[in-house]
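Chain by chain, the residues:
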Amino acid sequence: MSAGVAGRDAAVIVVGGGHAGVEAALAAARLGVTTILVSGDPSRIATLACNPSIGGSAKGQLVREIDALGGAMGRLIDETSLHARFLNESKGPSVRALRALADKPAYSRAAQARLESQANLRIVAAMAEDLIVEGGRVRGVITGDGAVLEAPNVVLATGTFLGGKTFRGDEVKAEGRFGEAPAVGLSAALARLGFPLGRLKTGTPPRVDRTSIDLGAMSEQRPSQIPLPFSFTGPARFAGPQLSCWIVLTNERTHELVRSNLSRSPLYGLDLIRGIGPRYCPSIEDKVVKFAHNPTHQIFIEPEGWDEPTFYVGGFSTSLPAEVQLAMLRTLPGCGDVRMLRAGYAVEYDFVTPTELDASLETRRVGGLFHCGQLNGTSGYEEAAAQGLVAGINAARRARGEEAFRLGRETSYIGTMIDDLVTKGVDEPYRMLTSRAEHRVILRHDNADLRLTPVGREVGLVGDNDFADFCRRRDALIAALDLAGRTRIGEVTVGGAQMTAGSTLADALRRPELTFADIADRFPANVSAAIGERVHIEISMQGYVRRAELAIAQSAGDETKLIPPDFAYALLRQLSGEGREKLERVRPRTIGAAARIPGVTPADVAVLRVLVHRGRHPVPA
Ligand SMILES: Cc1cc2nc3c(=O)[nH]c(=O)nc-3n(C[C@H](O)[C@H](O)[C@H](O)COP(=O)(O)OP(=O)(O)OC[C@H]3O[C@@H](n4cnc5c(N)ncnc54)[C@H](O)[C@@H]3O)c2cc1C
């Protein structure tokens, strides 16, 4: 049932139909509140603006978590995947991840079809240029053509469009993305409201005609032959034919062209770009200058669709003039006669300091206003989608008068990312990494459903069929784990490993040299290979997980100890100067969050603990 608000256009307005906006709009509408998605050009909804891939290290975990909670990204990529691979298979389960390339137009169409068929959701083609705010609460947005759309909850998911400028050589254009107008008014509106804005930058490589390169001169990277769905309820078959990717190396000629043209680079010689770029996705200019000792860099040649004429040149992001880009491409093996169909470029845009947000992604400055995606200083489709899901859920909950929904660091990568953003802020584009998740032995790709599907069910985004499916999977896993612990195999040799007297199936699975396949015949026939693989992971990780759970339990007190929102840190002389300033700015919800703010010392935390514990904190005069 819809919970629209009388006299208003909707209960929730989502601004921006990128990866964050799609999840936010679908979540809010699916939770039963009337929702409007305002997007500049609806035919460009869910555009994969740069690389054609979803997932990868840590990002794959985010997609799995989105899926487990009832979000859309996992299913969208499963419907359109043309090259799936499991990464880090030879490494521990906590760093394994799935990555898949999408057919780009099909991905975008699949997202649009989902939005169009969603009840409670209307798409409006317009640019939001201003916010209506009264008495510290948002009331709606004003579009570029002066139309007023009213709603008490607004989710901003504007990506790289705020004050967007694109660069290629000395060409500078006001654009949010190639050929798309920027959002100019919104930046001014946010600044007027007192939000601190910064500038970041990212870039994309050229696209080349797939028929103009000699793949025989490149190393082939084959996709998996076994279907690898992201979604826990994903299809058992590939969406279409699986295509190979190709790898080449740059060489001294490529690097020399970069060096001799640096004077024409908007990043270097021309000094036009001030925004900070992504550390983990540097441009080829940055690679050649900052990693000058590397004689080669790996370049990935990836198809952008089953029928698309283009290959994406991964790792070759550049904003040098188009003719230099073409010359550089022609130095690569197999690319002597390459045709460039679209030149690379850089984009610089405004972001809003995410320490302005609560972990629900609502801003503290303006009630009912939520920020998600690249606007919060993150980089990447998955990071954006994960935040969009949380913001959409919370906008709907606020519309229904319900408590905010927050995820913790101990339950998810999503919670880890949001906690990092709202407590530490960003000074460069934030990308999710496994190293950012201190609880990564628990937050694995394989168990995202166990961690989060019950949460998604409670929130209201996991439907009856999907939940019944989850319960069957969970029960089968529990039964198989129990069986493995109880079933003795005795003094036998399995798969070359000598088991001692009294050994169980679980003991065998703890042996690093054995896999589930080695002892599958000792399990009943109803234990599938998929469940068997999960049993193996659960058993081999038991020791690490126990230690991690102990550490979480030890710090649990701090994580649940709420700091009163009116705590006047500025009045507390016992705090260090930097700690006082950071605490006043970030206003953490819990002692645990306070402890993670860079600049807040253990002594500061001890002072907070005592005052919060005694219920005696300074309040503003
Ligand atoms: C050139 C380029 C290179 C990139 N390179 C990389 C990379 O190498 N690695 C990486 O991880 N990520 C990269 N990205 C970033 C990736 O595209 C984003 O992280 C991701 O798409 C962010 O999702 P989002 O939902 O926040 O915003 P976006 O996907 O940017 O979507 C924003 C949407 O909002 C709409 N919109 C914006 N403002 C308004 C408004 N005022 N009113 C109405 N609609 C509005 C736009 O039309 C668009 O549909 C790149 C992006 C670009 C443009």
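One structure accompanies this document, and this report is about it. (Residues numbered from 1 in each chain as written. Predicted model: local features only at pLDDT ≥ 70, side-chain atom pairs only at ≥ 80, totals over all residues. Heavy atoms only, no water.)

**Looking at helix 12 (residues 464-486)**
Spelled out, the test is: Strands are runs of DSSP state E lasting at least 2 residues, helices are runs of H or I lasting at least 4, and numbering of each runs from the N terminus. One fewer than the residue count of a helix, multiplied by 1.5 Å, yields its expected span. Think of it in three bands: residues with accessible area under 20% of the maximum for their type are buried, residues over 50% are exposed, and the middle band is partly exposed, with areas taken using a 1.4 Å probe on protein chains only. Whether two residues are in contact is decided by their heavy atoms, any of which lying within 4.5 Å being enough.
The terminal C-alpha atoms of helix 12 lie 33 Å apart, and with 23 residues this matches the ideal 33 Å at 1.5 Å per residue to within 8%. All of the buried residues in helix 12 are Phe470, Cys471, Arg473, Leu477, Ala480, Leu483 and Ala484. As for helix 12, its buried residues are in contact with helix 11 (448-459), helix 13 (505-510) and helix 15 (529-560).

**Quick look at the sheet that holds strand 9 (residues 148-150)**
Formally: At least two DSSP bridges between two strands are required for those strands to pair. Here an angle of 0 to 180 degrees is reported between the N-to-C directions of two axes, which are lines fitted to C-alpha atoms, with helices fitted over the stretch in contact.
The strand order 7-8-9 describes an open sheet built from three strands, whose pairing is antiparallel. Of all strands in the sheet, those bounded by a partner on one side alone are strand 7 (128-134) and strand 9. In this sheet, adjacent strand axes meet at a mean angle of 30° when their direction is disregarded.

**A short note on the packing of helix 1 (residues 19-30) against helix 9 (residues 381-399)**
In plain terms, the rule: Oblique is the label for any angle not covered by the other classes, which are roughly parallel (under 35 degrees), roughly antiparallel (over 145) and roughly perpendicular (65 to 115). Crossing handedness follows the turn of the near helix against the far one: under a right angle anticlockwise gives a left-handed crossing, and clockwise gives a right-handed one. Side-chain classes follow a simple rule in which Ala, Val, Leu, Ile, Met, Phe, Trp, Tyr, Cys and Pro form the nonpolar group, Asp, Glu, Lys and Arg form the charged group, and the remainder, Gly included, forms the polar group.
Two elements in contact, helix 1 and helix 9, have axes whose closest approach is 7 Å; the angle formed by their N-to-C orientations is 30°. Comparing the axis directions of helix 1 and helix 9 gives the class roughly parallel. In the packing of helix 1 onto helix 9, the handedness of the crossing is right-handed. Listed contacts from helix 9 to His19, Ala20, Glu23, Ala24, Ala27 and Ala28 of helix 1 are Tyr381, Ala384, Ala385, Gly388, Leu389, Gly392, Ile393 and Ala396. Split into classes, the residues belonging to the contact of helix 1 with helix 9 amount to ten nonpolar, three polar and one charged.

**Considering the nonpolar core**
This is how the line gets drawn: Think of a nonpolar core as a cluster: buried Ala, Val, Leu, Ile, Met, Phe, Trp, Tyr and Cys residues, connected wherever their side-chain atoms sit within 4.5 Å.
Core analysis: the largest hydrophobic core is formed by 85 residues, its most contacted members being Tyr107, Val155 and Ile414. Counting residues per element, this core draws most heavily on helix 9, at ten residues. Look past the residues within four positions of Ile414 in its chain and what remains in contact with it is Leu62, Glu65, Ile66, Leu69, Ala386, Val390 and Leu407.

**Considering the pairing of strand 20 (residues 345-352)**
Taking burial as the measure, the eight residues of strand 20 include eight buried ones, the bulk of the element. Both faces of strand 20 are covered, namely the face carrying Tyr345, Val347, Tyr349 and Phe351 and the face carrying Ala346, Glu348, Asp350 and Val352. Examined bridge by bridge, strand 11 (residues 165-168) and strand 20 share three bridges and lie antiparallel to one another. Paired with Lys165 across the bridge in strand 20 is Glu348. Of the pairings in the sheet, the one linking strand 13 (residues 197-204) to strand 20 comprises eight bridges and is antiparallel in character.

**Here we look at the side chain of Glu362**
Here is the rule we go by: Whenever a nitrogen or oxygen atom comes within 3.5 Å of another N or O atom, the pair is scored as a polar contact, on the condition that within protein one atom can donate a hydrogen and the other can accept it, and that pairs from neighbouring residues in sequence are kept only if both atoms are in side chains.
Within the secondary structure, Glu362 is located in the loop between strand 20 and strand 21 (369-371). Relative accessible area serves as the criterion here: at 18%, Glu362 is assigned to the buried category. Polar side-chain contacts of Glu362 include one of 2.7 Å to the backbone nitrogen of Gly368. Here the side chain of Glu362 touches Arg398 through a polar contact of 3.1 Å, side chain to side chain. If we skip the residues at most four places from it in the chain, Glu362 touches Glu356, Leu357, Gly367, Gly368, Leu369, Phe370 and Arg398.

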